[in-house]
Amino acid sequence: MSDLKLPLKFIDFIFNLYTGRTISLHIPGFEDKIRKVWKGIPQGSVLSPLLYDIYTFDLHLSVDPSCSILQYADDVLVYSANRDIKIAAETLNDSLNKLSSWLSAQNLSLSKSKSLIVVFTRKRKVPTVNIFVDGERIPVVKEAKFLGRIFDSSMNGNAHINDIVRKCEKNINIMRAVSGVWWGSHPGVLRLMYNALVRSILDFGSITFCLENKQPLHKLDLLQHKSLRIVIGAMNSTPINALQIECSEPPISLRRQYLSDRFIFKIQQYHGHPLILKLQNLCEVINGRNAFWRNRKIPYLVSSYRRFLELRCSIHKFQCHSTFSYDYETLMFVPDIKLSIDIQKGSSSANSKLASFIKNLEPKSEDFYTDASKSVSSDEKSVGAAFLRLSSGHFRLYKYPHLSSNFVGEGMAVLECVKYIICNKIENSYIFSDSLSFLQSLLSNPFKKKPPCPLSLEVKLKLKECHDSNLRVTLAWIPGHSGIQGNELVDYLAAMAARQGNTYIDKVYTQDLLEKPREYLLKDWNSDLFIKRWTISSSSYQN
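In this report, the structure presented in the accompanying data block is examined.

Calculation notes
Residues numbered from 1 in each chain as written. Predicted model: local features only at pLDDT ≥ 70, side-chain atom pairs only at ≥ 80, totals over all residues. Heavy atoms only, no water. Helix = DSSP H or I, 4+ residues; strand = E, 2+ residues; numbered from the N terminus. Buried < 20%, exposed > 50% of the residue type's maximum accessible area, 1.4 Å probe, protein only. Contact = heavy atoms within 4.5 Å. Areas by Shrake-Rupley, 256 points an atom, 1.4 Å probe, with all protein chains shown as cover. Axes fitted to C-alpha atoms, helices over the stretch in contact; angles between N-to-C directions. Parallel < 35°, antiparallel > 145°, perpendicular 65-115°, else oblique. Left-handed = near helix turned anticlockwise from the far one by under 90°. Nonpolar A, V, L, I, M, F, W, Y, C, P; charged D, E, K, R; others polar. Core = buried A, V, L, I, M, F, W, Y, C linked by side-chain atoms within 4.5 Å. Pairing = 2+ DSSP bridges. Salt bridge = Lys/Arg side-chain N within 4 Å of Asp/Glu carboxyl O. Patch = residues over 30% accessible without salt bridge, like charges linked within 9 Å, V, L, I, M, F, W, Y side chains within 5 Å. Expected span 1.5 Å × (residues − 1). Polar contact = N/O pair within 3.5 Å; in protein donor to acceptor, adjacent residues only side chain to side chain. Disulfide = S-S within 2.5 Å.

**Structural notes on the overall build of the protein chain**
Along its length, the protein chain carries 18 helices and 19 strands. Burial status across the protein chain gives 42% buried among its 543 residues. In the protein chain, the share of contacts with a sequence separation of at least 24, taken over all contacts with a separation of at least 6, comes to 66%. For the protein chain, the accessible surface area stands at approximately 32,300 Å², while carbon and sulfur atoms represent 55% of it.

Printed below as a string of structure tokens:
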């Protein structure tokens, strides 16, 4: 931790936490044996994985530069690629010896009994190699499992798919045991069981499957068909597309592409993600009409990357996870937000109730209204955001790409309004917004739910800046389209901003792009059903 230049107080805290630990074994009728633990980390502790990562942060530097290393906790994979098998073996031998020496220096050891060697080649006869660690030969096998994925020497994926079939068949039998036409579980319950017991196994690592092996992949399709028949109690003669539509479950091939799209769109927010550069190189090879890819199907990940490029949009990028881009005080800051001021949506007395609420505020408080609107015109689709200072009539208009959501538009309007308050040093301000979801996101704990939108964290940062500067900012929710004068005015301004905003911001958040994979899925599924219907009708006509 000192080498990583972590704060001294944090190092002292960890040192005191793990120094002088003892363990004891209690057996009735025997005296307790207490032993002092002088190394290692507690099993099950939330800090243990992080501390182990810190302890082995420079592990990758121990191997030869021509080798690559993958590490997940204490599972390590070292690989070397070369056209000459002898050179690859020599490089791997040298790297493993260096790795063993590094581990010994760190009071760790390499488990030789659990180590395996796999030679990946297109040749029918796998070449023999001799890899030694501390004078002990590592056995050469045809397949090995790493992080739940079985890698075979030919890289055709048959071994992994057969393992999936074996696991899923056991779980399908569980579904059969609780199903029945007259006495069994409800189809909704069976559908949940399918998602948990079967589909979760089918999804794991599915975006990396080889598309050339149609027969092994067909085994996975059969697993889905069996499961859906059990869910709705259908006969074996029921058409597959009818099963899928009835259960709202797309074909597995389309779901694999959907998962790949979501993954590729999500990682675009990170600067220097290693997979993006590899996909760029692979796209160049495929587009260059490489002989290997001439008559082969494009991998899922490459297809997803191409779809992202077709969007032609700029992304807000971060060096790390957006949650960890902000300090702890900002993440835990709770803004002053009123989610209810006793105004019902559509109430005829909404204006009078809001007026009485404002009347009870401090005399010098300023009222702001924010809103966003999405243009639906065919000429130019975009999102407009605006905020209005009611006392002076001052307003600002902002325009965002059509890929942005109303949630982001509402958040941007609030953010720009808070920036305006900071710039003008307004001591007491009330911001009225009709976006309940965005205000709730500001109150949510970023560590308990799914990662929040970075825009919410940016607004919290500015609100904390107001708090530290003694600028009181209160946000309040008001129902939209209820005849409230300020809300109706800012709604008109937001619609105008979508057409002719003063400031155009061309970047979007990846959270807004995650709706696109679903659109692609539905489009591909509809086209697939159309092709099947056309084929069936054509065959019937010919008969």
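Alright, that's what it looks like, and here's the rest.
**Looking at the environment of Lys-425**
As for its placement among the helices and strands, Lys-425 is situated in the loop between α13 (406-424) and β16 (428-433). Separated by 73 residues in sequence, Lys-425 and Ser-352 place their C-alpha atoms 29 Å apart.

**A closer look at the packing of helix α5 (residues 187-203) against helix α6 (residues 214-232)**
Two numbers describe how α5 lies on α6: the axes approach to 9 Å, and their chain directions differ by 165°. Judged on the interaxial angle alone, α6 and α5 are roughly antiparallel. Every pair of crossing elements has a handedness; the one defined by α5 and α6 is right-handed. Packed against α5, whose contacting residues are Pro-187, Leu-190, Arg-191, Tyr-194, Val-198 and Leu-202, the element α6 presents Leu-220, Leu-223, Gln-224, Ser-227, Leu-228, Ile-230 and Val-231 at the interface. Tallied by class, residues from the contact of α5 with α6 come to 10 nonpolar, two polar and one charged.

**A word on the nonpolar core**
It is characteristic of soluble globular proteins that their nonpolar side chains tend to be buried jointly. Counting residues in each nonpolar core, the largest one holds 34 residues, and the members touching the most others are Phe-368, Ile-431, Leu-442, Leu-455, Leu-463 and Leu-475. Counting only elements with at least two residues in this core, the list comes to β14 (382-389), β15 (394-401), α13, α14 (436-443), α15 (454-468) and β17 (472-477). Per-element accounting of this core gives the leading share, 10 residues, to α13. Those residues in contact with Leu-463 that sit more than four places away from it in its chain are Phe-333, Pro-335, Val-418, Leu-442, Val-473 and Leu-475. Counting 24 residues, the second-largest nonpolar core is a separate cluster that includes Ile-172, Phe-209, Leu-217 and Leu-220.

**Side note on the sheet that holds strand β13 (residues 366-374)**
The sheet built from seven strands is open, its strands ordered β12-β17-β16-β13-β14-β15-β18 with mixed pairing. Single-partner strands in this sheet number two, and they are β12 (336-338) and β18 (503-504). Summarising the sheet, β13 and β14 pair through seven bridges and their orientation is antiparallel. Within β14, the residue paired with Ala-372 across the bridge is Ala-385.

**Details of the pattern of salt bridges**
Tallied over the full model, the rule gives 15 salt bridges. For Asp-94, the salt bridge goes to Lys-98, with nearest N and O atoms at 3.4 Å. With Asp-94 and Lys-98 both in helix α3 (residues 85-105), this residue pair falls four residues apart, about one helical turn. Under the relative-accessibility criterion, Asp-94 is labelled partly exposed at 31%. Given a relative accessible area of 37%, Lys-98 falls into the partly exposed group. Two residues, Asp-134 and Lys-112, come together in a salt bridge whose shortest N-O distance is 3.6 Å. Note that Asp-134 is positioned in the loop between β6 (132-133) and β7 (136-137) and Lys-112 in the loop between α3 and β5 (117-118), a separation of 22 residues in sequence. Classification of Lys-112 by relative accessible area gives partly exposed; the value is 22%.

**Considerations on unusual backbone geometry**
Residues other than glycine seldom take positive phi values, yet Asn-107 does so here, at roughly 60°. Here Asn-107 is to be found in the loop between α3 and β5. Despite not being glycine, Arg-312 has its phi angle at roughly 50°, a positive value. Here Arg-312 lies in the loop between α10 (300-311) and β11 (314-315).

**Considering a nonpolar patch on the surface**
Together, Phe-324, Tyr-328, Met-332 and Phe-447 line one region of the surface with nonpolar side chains, adding up to about 460 Å² of accessible area. For Phe-324, the position within the fold is in the loop between β11 and α11 (328-332).

**Some remarks on α3**
Here α3 spans 30 Å end to end across 21 residues, near enough to the 30 Å set by a 1.5 Å rise per residue. Of the positions making up α3, those classed as buried are Ala-88, Ala-89, Thr-91, Leu-92, Asn-93, Ser-95, Leu-96, Leu-99, Ser-100, Trp-102 and Leu-103. Those residues of α3 that are buried lie in contact with α2 (48-55), β4 (75-79), β5 and β6. If you check the start of α3, you find a side-chain oxygen 3.0 Å away from the backbone N of Lys-86, and it comes from Asp-84.

**A short note on the pairing of strand β9 (residues 143-146)**
In summary, the side chains of a regular strand alternate between the two faces of the sheet. Residues Ala-144 and Phe-146 point to one face of β9 and are all buried, whereas Glu-143 and Lys-145, pointing to the other face, are not buried. Looking at chain direction, β9 and strand β10 (residues 149-152) are connected through four bridges and run antiparallel. Bridge pairing in β10 places Lys-145 opposite Ile-150. Once β9 ends, the chain turns through two residues before running back antiparallel as β10, passing Leu-147 with a positive phi of about 55°.

**Digging into α15**
Compared with the 21 Å implied by 1.5 Å per residue over 15 residues, the 21 Å span of α15 between its first and last C-alpha is a close match. Along α15, the positions that sit buried rather than exposed are Pro-454, Leu-455, Ser-456, Leu-457, Val-459, Lys-460, Lys-462, Leu-463, Lys-464 and Cys-466. Packing partners of the buried residues in α15 comprise α11, α13, α14, β17 and α17 (510-513).

**A closer look at the side chain of Ser-304**
The topology assignment puts Ser-304 in helix α10. Look past the residues within four positions of Ser-304 in its chain and what remains in contact with it is Gln-257, Ser-260, Asp-261, Ile-264 and Phe-265.

**What about the state of the cysteines?**
On inspection of all chains with the given rule, the structure shows zero disulfides. Free cysteine Cys-168: the closest other cysteine sulfur is in Cys-247, separated by 16 Å. Cys-423 forms no disulfide, and the closest cysteine sulfur to it belongs to Cys-466, at a distance of 11 Å. Owing to a relative accessible area of 63%, Cys-423 belongs among the exposed residues under this scheme.

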